[in-house]
Amino acid sequence: MSGRMSYNTSMSQKRHSNTETDVVNARFPNLSALGDAKGKRAREIIDSLAKFPQENPFPVLRLDAEGNILYCNVAGRVVIGQWSRRVGETAPAEWCDLVRKALQVGHYLTQDIVCGEQIFSMAVAPVAEGNYVNLYGVDITQQKKYEALLLKSRDELEVQVQQRTSDMNKTVISLQQEMQERRTAEQALRDASRHLDAFFTNTITPLVMLDREFNFIRVNKAYADACHRSIEEFTGHNHFEFYPNEENQQIFVDVVRTKTPYSAVAKPFSFPDHPEWGVTYWDWSLTPILGDDGEVDLLVFSLKDVTAGKKAELELLAGQEKLRLLSIRLQSTEERERRRLAQDLHDSIGQLLAFSSRELKRLHQISPEFLAESLHEIGVQLDQAVQQTRTLSFNLSPGILYDLGLETALEELLEQFERNYKFSCCLTVCPAPKPLAESTRVFLYRAVRELLTNAAKHAEPRHIDVSLTREGDDLQVIVADDGCGFQVSPESDTLMTSHGFGLFGLRERLDALGGRLELDTAPGRGARVTLTVPLDVQPPKS
């Protein structure tokens, strides 16, 4: 299909070439009288400018009043491909209706079109005197994605706050557009100049033509409107006279020196004549046009205002930071509640049960023989209740963690697992100091306990190693078992077993603490989980 389309386009351009030459010669009969050098130079400049539609990275098409496709640049092939049409054929019925409507109302209309994974906003600009319309496309794929993501993030934020999670995806997608793939078009001077003029005048993309000294040669209405100036104000002035910026000026100089196009994505800029606008953000490209001598003759400056999208991105990042802080606060609150409940269990219910057990034993000593067996059974039940209360209190909030630190608490934890399960445990601790915030210390303890529980339930290990190592300003906690391992999807890093939700929760909580989780496992070769968290090495506040 692509080969046939390319053939029809080139044939169409060849037919246009003869017509354009005749019209230009009729309009400029004395062009050859200018002399070979000047005439050639004039043709070269107009020829160079005529390349604009083909060099435009966005779709540019021309349709007559009946909807026949008269012209299509390189980027526009994706549009006529979506239509399943070629140059010279008639556009789909809905677009033919849109062409007739635009010519009838006399001003441009817009229509979105989805081409595979790209979405274009097509401006249908009528040219009444020619009884045709020009279609100018702008890639709004990222804009649509950001709009959808912003709505989704706002909805998710409320749900996530209620559920005490931080499930918001980081969305920092840079918008980058670069003019590519120049195509040499054999078009006659007058028709090419008229096409270029129509494109330059009617495109909704701000465009500027500069000389190699950055003086304005021509600006279109879209650029003048974006600057809140009239087109006439730019004549006879230098770009950096109106918009001084040392960094941008050096970029312009480098483009002329290297003859290499430059593209910027979401580059901030403050208009000196409109400080009330604050910081604005622009995608822009600067493309040099070379003469026959290989030197830069003209510069094409193309811009796109992405301020709204960039500010939406910054709002998302700010929302993520707020959610992260909220998650930390919620975890701290949860831990305080755990500690209070554990203390209450130990000081109230635990003490009452211990006292009852002690008194029952005394009663058992003086009770009649027929009550001895019943009192003994009650005593056994009370002792189990006391032990379960102590275990529950320890699991809620182990006091040893606060009193003696993380290393001692982990030793006690590993001993407990060795008693309860049929595998051995080993704890290795480096001697370097490991200052940790209380919230981080509590998280690491609970994380190791959760990993040990997962291994005990699912991996059937014979041995588990736990190590604490300081790496610079980070602490690495590694839990490695020799169990059966499990499957991880390489495409999405999504866990495919019951381990998944636990490790997913650990990863999210590590993100909130500024850490990370690394997993190395496969069926039949055990699992190795590495938790990395930042140490509390900041000097204390006075």
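Provided above is the structure to which this section pertains.
Model, not experiment: these values are computed from the prediction.

Colleague: If you had to explain the overall build of the protein chain to someone new, which residues and values would you point to?
Modeller: Scanning the protein chain from terminus to terminus reveals 16 helices and 15 strands. When the 542 residues of the protein chain are sorted by exposure, 43% land in the buried category. Contacts in the protein chain between residues far apart in sequence, at least 24 positions, make up 58% of those at least 6 positions apart. For the protein chain, the exposed surface amounts to about 30000 Å²; the carbon and sulfur share of it is 51%.

Colleague: Help me get a handle on the packing of helix α14 (residues 406-420) against helix α15 (residues 438-459), residues and values and all.
Modeller: Interaxial distance between α14 and α15 falls to 11 Å at its minimum, and their mutual angle equals 15 degrees. Put simply, α14 runs roughly parallel to α15. Relative to α15, α14 is oriented so that their crossing is right-handed. Within the contact between the two elements, α14 uses Leu406, Ala409, Leu410, Leu413, Leu414 and Phe417 and α15 uses Arg441, Leu444, Tyr445, Val448, Arg449, Leu452 and Thr453. Of the residues belonging to the contact of α14 with α15, the class tally is ten nonpolar, one polar and two charged.

Colleague: Which residues make up the nonpolar core, and what values go with them?
Modeller: Counting 40 residues, the largest nonpolar core has Leu406, Leu444, Val448, Leu452, Leu475 and Leu531 as its most contacted members. Contributions of two or more residues to this core are made by α13 (399-404), α14, α15, β12 (463-471), β13 (474-481), α16 (499-513) and β15 (527-534). Tallying contributions element by element places α15 first for this core, with eleven residues. Those residues in contact with Leu452 that sit more than four places away from it in its chain are Leu413, Leu414, Phe417, Ile464 and Val479. Judged by nonpolar contacts, the second largest core, of 26 residues, contains Val208, Leu210, Val219 and Phe234.

Colleague: Would you mind going over the state of the cysteines in detail, with residue names and values included?
Modeller: What makes a disulfide is a covalent bond joining the sulfur atoms belonging to two cysteines. In total, this model carries zero disulfides according to the counting rule given. Counting only cysteine sulfurs, Cys425 is the nearest neighbor of Cys426, a cysteine outside any disulfide, at a range of 8.9 Å.

Colleague: Account for the sheet that holds strand β3 (residues 109-115), naming residues and giving values.
Modeller: Taken in spatial order, the five strands of this open sheet run β2-β1-β5-β4-β3, and their pairing is antiparallel. Of all strands in the sheet, those bounded by a partner on one side alone are β2 (69-72) and β3. Averaged over all pairs of adjacent strands, the angle between strand axes in this sheet comes to 25 degrees, irrespective of strand direction. As judged from the three bridges shared by strand β1 (residues 60-64) and β2, these two strands associate in the antiparallel manner. Pairing of Leu61 across the sheet is with Cys72, part of β2.

Colleague: Describe helix α5 (residues 93-105), with residues and values.
Modeller: For α5, with 13 residues, the first-to-last C-alpha span of 18 Å sits near the 18 Å given by 1.5 Å per residue. Within the sequence span of α5, burial applies to Trp95, Cys96, Leu98, Val99 and Ala102. Projected onto a plane normal to the axis of α5, the buried residues spread over an arc of 160 degrees and lie on a single side. Turned more than 90 degrees from where α5 packs its buried face, Ala93, Glu94 and Gln104 sit exposed. Where α5 is buried, its residues meet β1, α4 (77-83), β3, β4 (118-127) and β5 (132-139). Directly beyond the C-terminal end of α5, a positive phi value near 85 degrees is found at Gly106.

Colleague: Talk me through the pattern of salt bridges; I want residue IDs and the actual numbers.
Modeller: The tally for this structure, following the rule as stated, stands at 16 salt bridges. In this structure, Arg257 engages Asp254 in a salt bridge whose closest nitrogen and oxygen atoms are separated by 3.3 Å. Taken together, the positions of Arg257 and Asp254, both in helix α10 (residues 246-258) and three residues apart, correspond to about one turn of that helix. You can call Arg257 exposed: its relative accessible area is 58%. Relative accessible area serves as the criterion here: at 26%, Asp254 is assigned to the partly exposed category. With its nearest N and O atoms 3.5 Å apart, the salt bridge here joins Glu313 to Lys310. With Glu313 and Lys310 both in helix α11 (residues 307-366) and three residues apart, the pair spans about one turn of that helix. An identical accessibility class is assigned to Glu313 and Lys310; each is buried. Several salt bridges share partner residues, and in doing so they unite Arg229, Glu233 and Asp273 into one network.

Here is what the cut-offs are and how they apply
Residues numbered from 1 in each chain as written. Predicted model: local features only at pLDDT ≥ 70, side-chain atom pairs only at ≥ 80, totals over all residues. Heavy atoms only, no water. Helix = DSSP H or I, 4+ residues; strand = E, 2+ residues; numbered from the N terminus. Buried < 20%, exposed > 50% of the residue type's maximum accessible area, 1.4 Å probe, protein only. Contact = heavy atoms within 4.5 Å. Areas by Shrake-Rupley, 256 points an atom, 1.4 Å probe, with all protein chains shown as cover. Axes fitted to C-alpha atoms, helices over the stretch in contact; angles between N-to-C directions. Parallel < 35°, antiparallel > 145°, perpendicular 65-115°, else oblique. Left-handed = near helix turned anticlockwise from the far one by under 90°. Nonpolar A, V, L, I, M, F, W, Y, C, P; charged D, E, K, R; others polar. Core = buried A, V, L, I, M, F, W, Y, C linked by side-chain atoms within 4.5 Å. Disulfide = S-S within 2.5 Å. Pairing = 2+ DSSP bridges. Expected span 1.5 Å × (residues − 1). Arc of directions from axis to C-beta. Salt bridge = Lys/Arg side-chain N within 4 Å of Asp/Glu carboxyl O.

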